[in-house]
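Per-entry structural report
Residue strings, one per chain:
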Amino acid sequence: MKLAAIILAATIFGAGAVHAQDAARQKLDLPSPKPLVISKSLSAKGTLVMEVNVGEVRVVRSDEEKTIRLTIEPHAYYGDATVQSWVRRFDVAGDRASIDLKLPKDNDNHSSPVVTVYLPLQTDLRLELGVGHLTVKGIDGNKDLHVGVGELTVGIQDGSKYSEIRTGTKIGDASDTVSHKHADGFFPRTERTSLQGIYKLNATVGIGDVNIVQD
């Protein structure tokens, strides 16, 4: 009986300790880290040239005309000066914007900052991401996109606007659901050409998957 009582008391104490730890964690819950937001003027039918070393990068259509907006959302707490130092370059000259980001590699890149770039509807893109996931949606224009290691997803609203759509990777899947093409294995590629269309799309990944999807 004494042994049973000791076990029961230990169980109750252990449960109480766990509850206390959970309560302590809840008290320590902090608001999300403050994002960095930078906006500049960019004319319609402009060009964005962008390089990022690591992270999750999203390029989407802006609700504001003639504006490019860069948002960086950290997944950990950093000082404002530190977050701003990640932006090695953000220049706009005429109809050309240039962005160069050097982001921290948090937790093997699984919790690196999320970068979102908002652009006018018609913008040509030349983007390169070292490691991570690049998503481009809601943007019309020529596109030259590359991810070293990771995943690349490109949304197209109207496939007839493109005279060329090419995808490729060294190891992984290359899929163009808009053109109903798919390849996998080593050095898979898809290609669709047309006499119609005013834009060209080239989307490649070193190691990983590339996907063209309907927006």
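Residues numbered from 1 in each chain as written. Predicted model: local features only at pLDDT ≥ 70, side-chain atom pairs only at ≥ 80, totals over all residues. Heavy atoms only, no water.

By the definition in use, this model includes two cavities of 30 Å³ or more. Size it by volume and the largest cavity reaches roughly 40 Å³. Gly138, Ile139, Asp140, Gly155, Ile156, Gln157, Asp158, Tyr162 and Asp215 together form the lining of the largest cavity. By residue class, the composition of the lining of the largest cavity is three nonpolar, three polar and three charged. In this structure, the second largest cavity occupies an estimated 30 Å³ of space. (1 Å grid on protein atoms, 1.4 Å probe; cavity = no way out; pocket = protein on both sides within 12 Å on 5 of 7 lines; lining within 4 Å. Points joined across faces, edges and corners; volume = space filled by probe spheres on them. Nonpolar A, V, L, I, M, F, W, Y, C, P; charged D, E, K, R; others polar.)

Leaving glycine out, the prevailing phi sign among residues is negative, and the prevailing peptide bond configuration is trans. At Lys66, a position not held by glycine, the phi torsion is positive, near 55°. With respect to the element layout, Lys66 can be found in the loop between strand S2 (46–61) and strand S3 (67–73). Using a relative accessible area of 54% as the deciding quantity, one classes Lys66 as exposed. A positive phi angle, near 60°, is found at His180, a position not held by glycine. Under the relative-accessibility criterion, His180 is labelled exposed at 74%. (Helix = DSSP H or I, 4+ residues; strand = E, 2+ residues; numbered from the N terminus. Buried < 20%, exposed > 50% of the residue type's maximum accessible area, 1.4 Å probe, protein only.)

Attention now goes to the pairing of strand S12 (residues 199–214). Inspection of the sheet shows strand S8 (residues 143–156) paired to S12 by 13 bridges, in the parallel sense. Bridging from a neighbouring strand, Leu152 pairs with Val210 of S12. (Pairing = 2+ DSSP bridges.)

With that settled, the discussion passes to the pattern of salt bridges. A side chain with one charge may pair with a side chain of the opposite charge, provided their charged atoms come close. The full count for this structure, using the stated rule, is seven salt bridges. Note that Arg58 is salt-bridged to Glu56, the shortest N-O span being 2.8 Å. Classification of Arg58 as partly exposed rests on a relative accessible area of 35%. Three or more residues joined by partner-sharing salt bridges are found here, namely Glu164, Arg166, Glu191 and Lys200. (Salt bridge = Lys/Arg side-chain N within 4 Å of Asp/Glu carboxyl O.)

This paragraph deals with a nonpolar patch on the surface. The grouping of Val131, Val149, Ile171, Phe186, Phe187 and Ile207 at the surface amounts to a nonpolar patch, some 590 Å² of accessible area in total. As for its position among the elements, Ile207 is in strand S12. Given a relative accessible area of 46%, Ile207 falls into the partly exposed group. (Patch = residues over 30% accessible without salt bridge, like charges linked within 9 Å, V, L, I, M, F, W, Y side chains within 5 Å. Areas by Shrake-Rupley, 256 points an atom, 1.4 Å probe, with all protein chains shown as cover.)

With that settled, consider the side chain of Ser98. Here Ser98 shows up in strand S5 (residues 96–101). Those residues in contact with Ser98 that sit more than four places away from it in its chain are Val49, Arg89, Phe90 and Asp91. (Contact = heavy atoms within 4.5 Å.)

Taken together, the six bridges between S2 and S5 define a ladder with parallel strand orientation. When the sheet's bridge partners are listed, Thr47 is paired in S5 with Arg96. Pairing between strand S4 (residues 87–93) and S5: six bridges, direction antiparallel. Directly across from Phe90, in S5, lies its bridge partner Ile99. Hairpin connection, S4 to S5: the antiparallel pair is bridged by two residues, and Gly94 has positive phi, about 65°.

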